[in-house]
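What follows is each chain in one-letter form.
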Amino acid sequence: MNPYPLTWLYVPGDRPAIVTKALAADADVVVIDLEDAVAPDRKEYARAATAELLAEPRPGVPVHVRVNALDSPWATDDLRVLAPLPGVSGLRLPKVTSAEEVVAVAEKTDGVPLFALLETALGIERAFSVATAHPALHGIALGEADLRADLGVRDDSGLDWSRSRVIVAARAADLAPPPQSVHPDIRDLEGLAASCAHGRALGFLGRTAIHPRQLPVIEQAYLPTVQEIEQAETIIKAAAEKEGAQALQNGRFIDAAVVTAAQRILSLARRT
């Protein structure tokens, strides 16, 4: 997987034809959803169809599976059937509220990369504990629809504290920055771009999507601009010529932290 995945495309696990299209949609990661996108009477079919698709290694785009909630009647079979499959690149665990849940899954899945979704107030309060629960955990992220309902939040800004909490917890645990949660209106590309800009300012990296038309908007929002790349190159060049803190000709002060940020920008621009 690209070390800087920016687009994570969700597709319903009970729609194999849609999954096949998604694999060709140029997302960095495809996430087959067995949870919210699948009705209860389709759960077993969705699991079987996903298992058939991922029975062999899949070249190209990594495929993750969002299993059903760990306290649901389907989760045990999801983990038992899917974790051993060579085509599964990661498992996304919904509604995680404790480190113990992550450990219990890790002990059953033999090193498969795990990603915890925090979707309740309790999950947010325990974000760092979850993020450091087990070496198999590769990332944490928000599930904002469920969190919004749990908190009774009406205005989008009411989630910013929770967003920052998860971003800080991921950094403190030395995990990759989390991707933003989905933008639910697939026709509102202007709103998606504005929301991505806000998320990038908070410290998110990339975003989950529910339709291929959202992918280029997300990628453009999260890749560095030409101006940002030029500024980063100027900072790196100045730091190479003179060690220590200094002021550039334009008056900008740079030190080690600014240089580190510039290196991160160039690395993201190269996607290396």
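Residues numbered from 1 in each chain as written. Predicted model: local features only at pLDDT ≥ 70, side-chain atom pairs only at ≥ 80, totals over all residues. Heavy atoms only, no water.

### A word on the overall build of the protein
Phase 1: In terms of regular secondary structure, the protein is built from 12 helices and nine strands.
Phase 2: In terms of C-alpha radius of gyration, the protein reaches 20 Å, essentially the compact-globule figure of 19 Å for 272 residues.
Phase 3: Seen through its C-alpha atoms, the protein measures out along the principal axes to roughly 65 × 40 × 35 Å.
Phase 4: Here the protein holds 272 residues, and 47% of them are scored as buried.
Phase 5: A sequence separation of at least 24 residues applies to 65% of the contacts in the protein between residues at least 6 apart. (Helix = DSSP H or I, 4+ residues; strand = E, 2+ residues; numbered from the N terminus. Rg over C-alpha atoms; globule rule 2.2 N^0.38 Å. Buried < 20%, exposed > 50% of the residue type's maximum accessible area, 1.4 Å probe, protein only. Contact = heavy atoms within 4.5 Å.)

### A few points about the packing of aromatic side chains
Phase 1: Scanning the model with the defined rule gives one aromatic pair in all.
Phase 2: Where Trp8 meets Phe115, the ring centres are 6.1 Å apart and the plane angle is 70°; that geometry is what we call edge-to-face. Highlighted residues: Trp8 in strand 1 (residues 7-12) and Phe115 in strand 5 (residues 114-118), separated in sequence by 107 residues. In this structure, Trp8 and Phe115 share a single accessibility class: buried.
Phase 3: When the ring centre of Trp74 is taken as origin, the NZ or CZ atom of Lys43, which lies over that ring, is 5.2 Å away. (Phe/Tyr/Trp six-rings, centres within 6.5 Å; stacked < 30°, edge-to-face > 60°. Lys NZ or Arg CZ within 6 Å of the ring centre and 35° of its normal.)

### Some details on the nonpolar core
Phase 1: Residues Val65, Leu91, Leu114, Leu118, Val130, Leu137 and Ile140 are the most contacted members of the largest nonpolar core, which totals 63 residues.
Phase 2: Residues within four places of Leu91 in sequence aside, it is in contact with Val65, Val67, Leu79, Ala83, Thr109, Val112, Pro113, Leu114 and Phe115.
Phase 3: Residues Ala232, Val259, Ala262 and Leu266 belong to the second largest nonpolar core, which totals eight residues. (Core = buried A, V, L, I, M, F, W, Y, C linked by side-chain atoms within 4.5 Å.)

### A short note on helix 3 (residues 75-82)
Phase 1: Those residues of helix 3 not exposed but buried are Ala75, Asp78, Leu79 and Leu82. Summarising the axial view, the buried residues of helix 3 lie within an arc of 90°, below the 170-degree limit, and thus occupy one face. Summarising the geometry of helix 3, the exposed residues directed more than 90 degrees from the buried face are Thr76 and Arg80.
Phase 2: Looking at the buried residues of helix 3, the elements they touch are helix 2 (43-53), strand 3 (63-66), strand 4 (90-93) and helix 4 (99-109). (Arc of directions from axis to C-beta.)

### Observations regarding the pattern of salt bridges
Phase 1: Enumeration over the complete set of coordinates arrives at 18 salt bridges.
Phase 2: Its salt-bridge partner being Glu125, residue Arg165 comes within 3.5 Å of it at the nearest N-O pair. One end of the pair, Arg165, is in helix 8 (residues 160-172); the other, Glu125, is in helix 5 (residues 121-125), and 40 residues separate them in sequence.
Phase 3: Assessed through its relative accessible area of 26%, Arg165 is described here as partly exposed.
Phase 4: By relative accessible area, which is 48% here, Glu125 ends up partly exposed. (Salt bridge = Lys/Arg side-chain N within 4 Å of Asp/Glu carboxyl O.)

### Side note on the sheet that holds strand 5
Strand pairing in a sheet is mediated by backbone hydrogen bonds. Such pairs are either parallel or antiparallel.
Phase 1: One open sheet accounts for seven strands, arranged 6-5-4-3-2-1-7; its pairing is parallel. Looking at which strands have only one partner, the edges of the open sheet turn out to be strand 6 (137-142) and strand 7 (207-209). The average undirected angle you get between the axes of adjacent strands in this sheet is 25°.
Phase 2: Sheet analysis places strand 3 next to strand 4, joined by three bridges and oriented parallel. In the strand pairing of strand 4, Val65 is matched with Leu91. (Pairing = 2+ DSSP bridges. Axes fitted to C-alpha atoms, helices over the stretch in contact; angles between N-to-C directions.)

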